[in-house]
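# An overview of the molecular structure
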Amino acid sequence: MLIRRPADTIPSEITNYEVFRRRRQLIKGGAAAALGLAATGLFALTPEASAKLKFDQLKKSRFNAKESLTPYKDVTSYNNFYEFSTDKEGPAQLAEDFKSRPWSIEVAGEIKKPKVYDVDELIKRFPLEERIYRLRCVEAWSMVVPWVGFALGDFIKTLEPNSRAKYVEFETLHDPKRMPGQRRGLFGSVLDWPYREGLRIDEAIHPLTILAVGVYGEELPGQNGAPIRLVVPWKYGFKSIKSIVKINFVEQPPVNTWQVQAPHEYGFYANVNPKVSHPRWSQARERRIGEFFKRPTLMFNGYAEQVAHLYQGMDLSKNF
Ligand SMILES: Nc1nc2c(c(=O)[nH]1)N[C@H]1C(S)=C(S)[C@@H](COP(=O)(O)O)O[C@H]1N2
Ligand SMILES: [Mo]
């Protein structure tokens with residue numbers, strides 16, 4: 001398979017991610033001041049040592065949405081993350097102390113060299129970009145989020161998928177000790193864990209599809225899917241799986257968690273489509289968080305120009 005590097009990625013560019021990591025370890029360990037390292041000028045310590053670490057030198061993307069950003073407060077306190085809680089405010093509270101290091105990601109299946117990656121080893125290989133995307137939840141609310149991440153396609157290219165790699169399957173961490181929403185309750189489990197998602201390989205390598213590691217220039221908070229999550233902006237939010245531990249290249253279409261849960265309501269494609277209603281509500285309009293009046297939902301969430309060709313000839317009401 002021939003996978004070309006998207007035109008907006010400059011290969012010579014390297015991230016300052018290693019500097020970032022070193023700084024993070026020092027701050028987290030509280031060692032910087034004690035060792036007097038701040039004076040070396042290698043890094044700058046923020047006054048609040050507990051603050052999230054910041055990425056800098058981010059590349060701007062040609063895909064950035066030109067709309068007002070949803071405030072940081074809303075992006076990080078109005079969440080869907082059933083591993084922690086089924087209400088919107090729960091994840092921010094319950095994921096506050098979520099430990100996202102050390103973290104490994106198993107990459108397996110129809111590729112040349114299956115391998116287990118340390119998340120930081122992975123992140124430092126790619127130039128990080130800011131990607132300002134609309135996020136449209138299937139529940140008919142939306143946000144505009146400035147993610148930090150890199151194109152999934154750039155990573156996939158290095159893995160050398162073979163001709164049987166037709167789909168990519170993703171899995172979230174399954175660890176009920178760290179994710180209270182995964183513990184069994186009186187009525188059993190909320191979802192069939194681990195949370196799973198999948199993309200067709202051409203969707204996975206599309207330049208809009210990213211692995212996000214940050215938001216608002218800072219590392220991802222637990223509730224947004226630390227340390228690494230998928231973002232597919234033309235699909236309903238549930239496709240953008242959080243806290244990924246496994247990426248698997250397969251020949252057969254994978255089943256995703258919400259499809260298993262309610263097959264007549266949630267399909268594999270989940271492309272944002274104002275003309276195809278959810279069985280229980282219309283998808284024609286949405287509530288942008290922070291706005292009073294509803295706004296019309298755009299075909300493919302406003303990314304039709306970039307992605308419509310992927311679905312040419314398909315009946316999108318059947319392939320919902
Ligand atoms: N593992 C996992 N990933 C998930 C979810 C989840 O419950 N578990 N919720 C999804 C849904 S429905 C949405 S709308 C987005 C929300 O992402 P955000 O909370 O970062 O805005 O995450 C998606 N990814
Ligand atoms: Mo969602």
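First, a word on scope: everything that follows refers to the structure included in this document. Computed from a prediction, not measured in an experiment: that's the story for all the values here.

## Considering the overall build of the chain
- If you tally the helices and strands in the chain, you get nine helices and 13 strands.
- Looking at the chain as a whole, 55% of its 320 residues are labelled buried.
- In the chain, 72% of the contacts between residues at least 6 apart in sequence involve partners at least 24 apart.
- For the chain, the exposed area adds up to about 15100 Å²; of that, 54% sits on carbon and sulfur atoms.

## Focus on the nonpolar core
- Grouped together as the largest cluster of nonpolar side chains are 80 residues, with contacts concentrated most on Phe155, Ile228 and Phe249.
- It is strand β5 (residues 141–151) that contributes the most residues to this core, six residues altogether.
- Excluding residues that lie within four positions of it along the chain, Phe155 makes contacts with Val107, Tyr117, Leu122, Arg125, Phe126, Phe150, Leu211 and Ile247.

## Things to note about the side chain of Gln223
- For Gln223, the location among the structural elements is in the loop between β9 (218–219) and β10 (229–231).
- Residue classification places Gln223 among the buried residues on the basis of a relative accessible area of 8%.
- At 2.7 Å, the side chain of Gln223 forms a polar contact with the backbone oxygen of Thr76.
- Once residues lying within four places of it in the same chain are set aside, the contact partners of Gln223 are Thr76, Asn79, Phe81, Pro91, Ala92, Ala95 and Lys242.

## Quick word on the packing of aromatic side chains
- Tallied over the entire structure, the rule returns 17 aromatic pairs.
- Considering the side-chain rings of Tyr167 and Phe268, the 5.8 Å spacing of their centres and the 80 degrees angle between planes classify their relative orientation as edge-to-face. You can see Tyr167 sitting in strand β6 (residues 167–172) and its partner Phe268 sitting in the loop between α8 (257–261) and β12 (285–288), a full 101 residues away along the chain. Like Phe268, Tyr167 is buried.
- With centroids separated by 5.1 Å and ring planes inclined at 85 degrees, the aromatic side chains of Phe292 and Phe293 adopt a geometry described as edge-to-face.
- By relative accessible area, which is 72% here, Phe292 ends up exposed.
- Grouping aromatic residues by their ring pairs yields a cluster made of Tyr167, Phe268, Tyr269, Phe300 and Tyr311.
- Lying across the ring of Tyr117, Lys115 places its NZ or CZ 4.9 Å from the centre.

## Regarding the site of ligand 1
- Every one of the 17 residues lining ligand 1 counts as a neighbour, but Asn79, Tyr82, Glu83, Ser240 and Lys242 are closest to it.
- At 2.9 Å, a side-chain N or O of Asn79 approaches an oxygen atom of ligand 1.
- Within the side chain of Asn224, an N or O atom sits 2.9 Å from an oxygen atom of ligand 1.
- Contact with the protein chains hides 98% of the accessible area of ligand 1, taken as 540 Å² for the molecule alone.
- Considered class by class, the residues forming the shell around ligand 1 number eight nonpolar, six polar and three charged.

## Re the side chain of Asn256
- In this structure, Asn256 sits in the loop between β11 (244–250) and α8.
- A polar side-chain atom of Asn256 sits 3.1 Å from a polar atom in the side chain of Glu197.
- With near-sequence residues (within four places) excluded, Asn256 lies in contact with Arg196, Glu197, Gly198, Phe238, Lys239, Gly267 and Phe268.

## Re the pairing of β5
- Judged by how many residues are buried, β5 sits mostly within the fold: eleven of eleven residues are covered.
- Looking at chain direction, strand β4 (residues 129–136) and β5 are connected through eight bridges and run antiparallel. Of the residues in β5, the one forming a bridge with Glu130 is Val148.
- Here β5 pairs with strand β8 (residues 210–215) via five bridges, running antiparallel. For Val148, the partnering residue across the bridge sits in β8 and is Gly214.

## Brief notes about the pattern of salt bridges
- Scanning all chains against the criterion turns up 23 salt bridges.
- Across the pair Asp315 and Lys318 runs a salt bridge, and its minimum N-O distance is 3.2 Å.
- Note on Asp315: relative accessible area 33%, which makes it partly exposed.

Basis of the calculations
Residues numbered from 1 in each chain as written. Chains lettered and ligands numbered in written order. Predicted model: local features only at pLDDT ≥ 70, side-chain atom pairs only at ≥ 80, totals over all residues. Heavy atoms only, no water. Helix = DSSP H or I, 4+ residues; strand = E, 2+ residues; numbered from the N terminus. Buried < 20%, exposed > 50% of the residue type's maximum accessible area, 1.4 Å probe, protein only. Contact = heavy atoms within 4.5 Å. Areas by Shrake-Rupley, 256 points an atom, 1.4 Å probe, with all protein chains shown as cover. Core = buried A, V, L, I, M, F, W, Y, C linked by side-chain atoms within 4.5 Å. Polar contact = N/O pair within 3.5 Å; in protein donor to acceptor, adjacent residues only side chain to side chain. Phe/Tyr/Trp six-rings, centres within 6.5 Å; stacked < 30°, edge-to-face > 60°. Lys NZ or Arg CZ within 6 Å of the ring centre and 35° of its normal. Near = heavy atom within 4 Å. Nonpolar A, V, L, I, M, F, W, Y, C, P; charged D, E, K, R; others polar. Pairing = 2+ DSSP bridges. Salt bridge = Lys/Arg side-chain N within 4 Å of Asp/Glu carboxyl O.

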